[in-house]
Amino acid sequence: MEKELMDALYKKAVGYETSEIVEEYNDVGDIVKRKVSTKYIPPDVTALKIYVEESDRGDLVRLDDEELIKEKERLLKLLGEMERNETVKGKV
């Protein structure tokens with residue numbers, strides 16, 4: 001159940017499209033007119049904040065500026081190492 005809630009929260013956080021159906025009926029109850037349109041629901045900042053805080057990445061929200069810079073440098077170093085390894089594999 002928790003995964004379904006997190007998926008729904010993510011969807012709300014990033015925005016999504018949904019179909020909207022409008023039907024008009026006559027006096028007998030038969031459908032006279034039916035219109036199907038796509039509606040865009042924009043991202044919700046509050047949902048995004050909650051999603052980030054509740055997901056595994058929530059720890060990044062709690063870091064101060066100095067810790068964020070250190071994490072950025074660590075990740076850039078890791079990416080550089082991965083790229084060098086891929087280059088070496090490509091030459092062999």
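In what follows, the structure referred to is the one given above.
Since the model is a prediction, treat every value here as computed from it, not as a measurement.

How each quantity is defined
Numbering of residues starts from 1 in each chain and follows the order in which that chain's sequence is written. The model is predicted, so local features are restricted to residues of pLDDT at least 70 and side-chain atom pairs to those at 80 or more, both for listing and for counting; the totals for chains, interfaces and linings are taken over all residues. The side-chain numbers reported here are obtained from all heavy atoms of the structure, hydrogens and water having been left aside. The way it works is that DSSP assigns letters per residue, a run of H or I at least four long becomes a helix, a run of E at least two long becomes a strand, and they are numbered from the N terminus. To sort residues, take the accessible area from a 1.4 Å probe on protein chains only and compare it with the maximum for the residue type: under 20% means buried, over 50% means exposed, and anything in between is partly exposed. Only the protein chains shown count as cover for residues, and the accessible areas themselves come from Shrake-Rupley with a 1.4 Å probe. A helix is expected to reach a length of 1.5 Å times the quantity of its residues less one. By the convention used here, strands pair only if DSSP detects at least 2 bridges between them. Salt-bridge detection follows one rule: a side-chain nitrogen of Lys or Arg within 4 Å of a carboxyl oxygen of Asp or Glu. Residues enter patches when their relative accessible area tops 30% and they take part in no salt bridge; the joining distance is 9 Å for like charges and 5 Å for the nonpolar side chains Val, Leu, Ile, Met, Phe, Trp and Tyr.

**Student:** Kindly report on the overall build of the chain, identifying the contributing residues and their values.
**Tutor:** In terms of helices and strands, the chain carries four helices and two strands. Here the chain, with 92 residues, has 10% of them falling under the buried criterion. For the chain, the computed accessible surface area is about 8400 Å², with 54% contributed by carbon and sulfur atoms.

**Student:** Any chance you could break down helix 1 (residues 2–14) for me, citing the residues and the numbers?
**Tutor:** In this model helix 1 runs 18 Å from its N-terminal to its C-terminal C-alpha over 13 residues, within 8% of the 18 Å that 1.5 Å per residue would give. Looking one or two places after helix 1, you find Gly 15, whose phi comes out positive at around 90 degrees.

**Student:** Give me the pairing of strand 1 (residues 16–25): which residues, what numbers.
**Tutor:** Look at any regular strand and the pattern is simple: side chains alternate between the two faces of the sheet. Examined bridge by bridge, strand 1 and strand 2 (residues 31–41) share 10 bridges and lie antiparallel to one another. Paired with Glu 23 across the bridge in strand 2 is Arg 34. In sequence, strand 1 turns back onto strand 2 through a hairpin of five residues, with Gly 29 there showing a positive phi of about 105 degrees.

**Student:** I'd like to hear about the pattern of salt bridges, residue by residue, with values.
**Tutor:** A full pass over the atoms with the stated rule returns six salt bridges. With a shortest N-O distance of 3.8 Å, Glu 20 and Lys 39 are connected by a salt bridge. Of this pair, Glu 20 sits in strand 1 while Lys 39 sits in strand 2, and the two are 19 residues apart along the sequence. Residue classification places Glu 20 among the partly exposed positions, given a relative accessible area of 34%. With relative accessibility at 39%, the residue Lys 39 sits in the partly exposed group. Of the charged contacts in the structure, one is a salt bridge between Glu 71 and Arg 74, with a shortest N-O distance of 2.8 Å. Of this pair, Glu 71 and Arg 74 both sit in helix 4 (residues 65–91), three residues apart, roughly one helical turn. According to the relative accessible area criterion, Glu 71 is partly exposed, its value standing at 24%.

**Student:** Any chance you could break down a nonpolar patch on the surface for me, citing the residues and the numbers?
**Tutor:** Where nonpolar side chains cluster on the molecular surface, the patch consists of Leu 75, Leu 76, Leu 78, Leu 79 and Met 82 and spans about 450 Å² of accessible area. With respect to the helices, strands and loops of the structure, Leu 78 is situated in helix 4.

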